[in-house]
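For reference, the chains in residue letters:
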Amino acid sequence: MNGRKTIGGLCMVCVLFVIGLPTQGATASGTTAFTCKSGSGAGFSDAHCKTAVGSGASFRHESIAQDSSTELTSSNETTGGASESTKLKATLAGTSFTFTATTATGSGSMTNGKEGEEHFAHGEGSITYTGVTSTGGCKVFTDSGAGKGEEGVIHTEPLKASTKGQGDALKFEPASGTVFARFLLEGCTNTGINGTYTVTGSIKTTSIEGTTGSVTHADTTTQNTLKLNGTIKAGLEGTLTFKGRANSGQSYSPLGATTGFA
């Protein structure tokens, strides 16, 4: 079947912002972003500000001024240097399917804001997933809305993400409209699965450590906000690590978020 269907490019999308803004313990209203840079005294023992130490630290949080734009880059390489695949899972035509991307790279920008007494972080950007494969004998192709593109590649639509009103979580969704991403399936063993798929909905972060965050299939299906075919639950699992810099003249530093404000 060649008709359009609503499905899961989102799964491979959400992880982009969902993961980029971890929360470290502190008492304040809302969550803002920071970079992790070299520093002594109390702070962290690692370059991703994951392991806190009371003294002898090699790294510390460096605050980002409110309303100051920060360039973002992201990947599915964890703080330990390994890469973890991103997976979208859903049931199509009565069969469980898993779509797997070996590489995820993203870019965009973010700002820290304040409204009333709440501090928040807001980001916009997009992600490209490569090495994308599917179960069920299907081949996966880019679909930009203009037809079949590269094999094994999915480009998301522009996305936005914010901690505003989300407590310690980060909610992300399409920057405009409802579509996260599209992809085309061909050659499926069940030919009725062939066609173009679109992901819609929203998703929130679940687990975050240092500057690397993760989402799980169980958490995203429990949220019940990520949909395939408009009504079918989709589950997303994977990790993403973010870096930021003030401008192109600087090098990137690991980027996270905290509920404490400088």
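Residues numbered from 1 in each chain as written. Predicted model: local features only at pLDDT ≥ 70, side-chain atom pairs only at ≥ 80, totals over all residues. Heavy atoms only, no water.

### Considerations on the overall build of the protein
Next up, step 1: From N to C terminus, the protein includes two helices and 25 strands.
Next up, step 2: Within the protein, the proportion of its 262 residues that are buried is 48%.
Next up, step 3: Sequence separation of at least 24 residues holds for 67% of the intrachain contacts in the protein that already meet a minimum separation of 6.
Next up, step 4: Accessible surface, the protein as shown: approximately 10800 Å² in total, 46% of it carbon and sulfur. (Helix = DSSP H or I, 4+ residues; strand = E, 2+ residues; numbered from the N terminus. Buried < 20%, exposed > 50% of the residue type's maximum accessible area, 1.4 Å probe, protein only. Contact = heavy atoms within 4.5 Å. Areas by Shrake-Rupley, 256 points an atom, 1.4 Å probe, with all protein chains shown as cover.)

### Thoughts on the pattern of salt bridges
Next up, step 1: Enumeration over the complete set of coordinates arrives at seven salt bridges.
Next up, step 2: With its nearest N and O atoms 3.7 Å apart, the salt bridge here joins Arg60 to Glu62.
Next up, step 3: Taking the shortest distance from any N to any O, the salt bridge between Glu186 and Lys148 comes out at 3.0 Å. A residue pair is termed long-range when its members are at least 10 positions apart, and Glu186 in strand 17 (residues 179-186) and Lys148 in strand 13 (residues 148-151) qualify at 38 residues.
Next up, step 4: Given a relative accessible area of 29%, Glu186 falls into the partly exposed group.
Next up, step 5: Via salt bridges that share partners, Lys37, Arg60 and Glu62 belong to a single interconnected network. (Salt bridge = Lys/Arg side-chain N within 4 Å of Asp/Glu carboxyl O.)

### Observations regarding the nonpolar core
Next up, step 1: Judged by nonpolar contacts, the single largest core of 39 residues is most densely connected at Phe99, Leu185 and Ile193.
Next up, step 2: When residues of this core are assigned to their parent elements, the largest contribution, four residues, is made by strand 17.
Next up, step 3: Those residues in contact with Leu185 that lie beyond four places of it in its chain are Phe99, Cys138, Lys139, Val140, Ile193, Asn194, Gly195 and Tyr197. (Core = buried A, V, L, I, M, F, W, Y, C linked by side-chain atoms within 4.5 Å.)

### Observations regarding the packing of aromatic side chains
Next up, step 1: Counting across every chain of the model gives three aromatic pairs.
Next up, step 2: Relative to Phe99, the ring of Phe97 lies with its centre 6.2 Å away and its plane at 20 degrees, an arrangement referred to as stacked. Neither residue differs from the other here; Phe97 and Phe99 are each classed as buried.
Next up, step 3: Considering the side-chain rings of Phe99 and Phe183, the 5.2 Å spacing of their centres and the 55 degrees angle between planes classify their relative orientation as tilted. Within this pair, whereas Phe99 is found in strand 8 (residues 95-101), its partner Phe183 is found in strand 17, the two being separated by 84 residues in sequence.
Next up, step 4: Take Phe99: its relative accessible area is 1%, and that puts it in the buried class.
Next up, step 5: A relative accessible area of 0% places Phe183 in the buried class.
Next up, step 6: Through a chain of ring-to-ring contacts, the aromatic side chains of Phe97, Phe99, Phe183 and Tyr197 assemble into a single cluster. (Phe/Tyr/Trp six-rings, centres within 6.5 Å; stacked < 30°, edge-to-face > 60°.)

### Digging into unusual backbone geometry
Next up, step 1: Positive phi, close to 50 degrees, is recorded for Cys49, a residue that is not glycine.
Next up, step 2: Structurally, Cys49 can be placed in the loop between strand 3 (43-44) and strand 4 (52-53).
Next up, step 3: At Ala93, a residue that is not glycine, the phi angle is positive and equals roughly 50 degrees.
Next up, step 4: Looking at the secondary structure, you find Ala93 in the loop between strand 7 (86-92) and strand 8.
Next up, step 5: Residue class for Ala93 comes out exposed when judged on its relative accessible area of 60%.

### With respect to the confidence of the model for the protein
Next up, step 1: Chain-level pLDDT for the protein is 83 on average; 87% of the residues reach the 70-or-more range.
Next up, step 2: Between the elements of the protein, mean pLDDT differs from a low of 37, seen in helix 1 (residues 11-18), to a high of 97, seen in strand 11 (residues 133-134).
Next up, step 3: Predicted confidence for residues 1-28 stays below pLDDT 50, and this span has 159 contacts to residues more than four positions away or in other chains. (pLDDT = per-residue confidence, 0-100.)

### Remarks on the side chain of Ser134
Next up, step 1: Relative to the assigned elements, Ser134 resides in strand 11.
Next up, step 2: Residues within four places of Ser134 in sequence aside, it is in contact with Phe97, Thr98, Phe99 and Val140.

### A short note on the state of the cysteines
Next up, step 1: Applying the stated criterion across every chain, the model contains two disulfides.
Next up, step 2: Put simply, Cys36 and Cys49 are joined by a disulfide, and their sulfur atoms are 2.0 Å apart. Its S-S torsion of about 90 degrees marks the bond between Cys36 and Cys49 as right-handed, since a negative value means left-handed. With Cys36 in strand 2 (residues 32-38) and Cys49 in the loop between strand 3 and strand 4, this pair connects stretches of sequence that are 13 residues apart.
Next up, step 3: According to the relative accessible area criterion, Cys36 is buried, its value standing at 3%. (Disulfide = S-S within 2.5 Å.)

### What about the pairing of strand 7?
Where a strand is regular, its side chains alternate between the two sheet faces.
Next up, step 1: Only one face of strand 7 is buried, namely the one carrying Thr86, Leu88, Ala90 and Leu92, since none of Lys87, Lys89 and Thr91 on the opposite face is buried.
Next up, step 2: Where strand 7 lies against strand 8, seven bridges are found, and the strand directions are antiparallel. Its bridge partner being in strand 8, Lys87 is matched across the sheet by Thr100.
Next up, step 3: Here strand 7 folds back onto strand 8 in antiparallel fashion, the turn holding two residues, of which Ala93 has a positive phi close to 50 degrees.
Next up, step 4: In terms of strand pairing, strand 7 meets strand 24 (residues 235-245) through three bridges, oriented antiparallel. Across the sheet, the residue bridging to Lys89 is Gly235, located in strand 24. (Pairing = 2+ DSSP bridges.)

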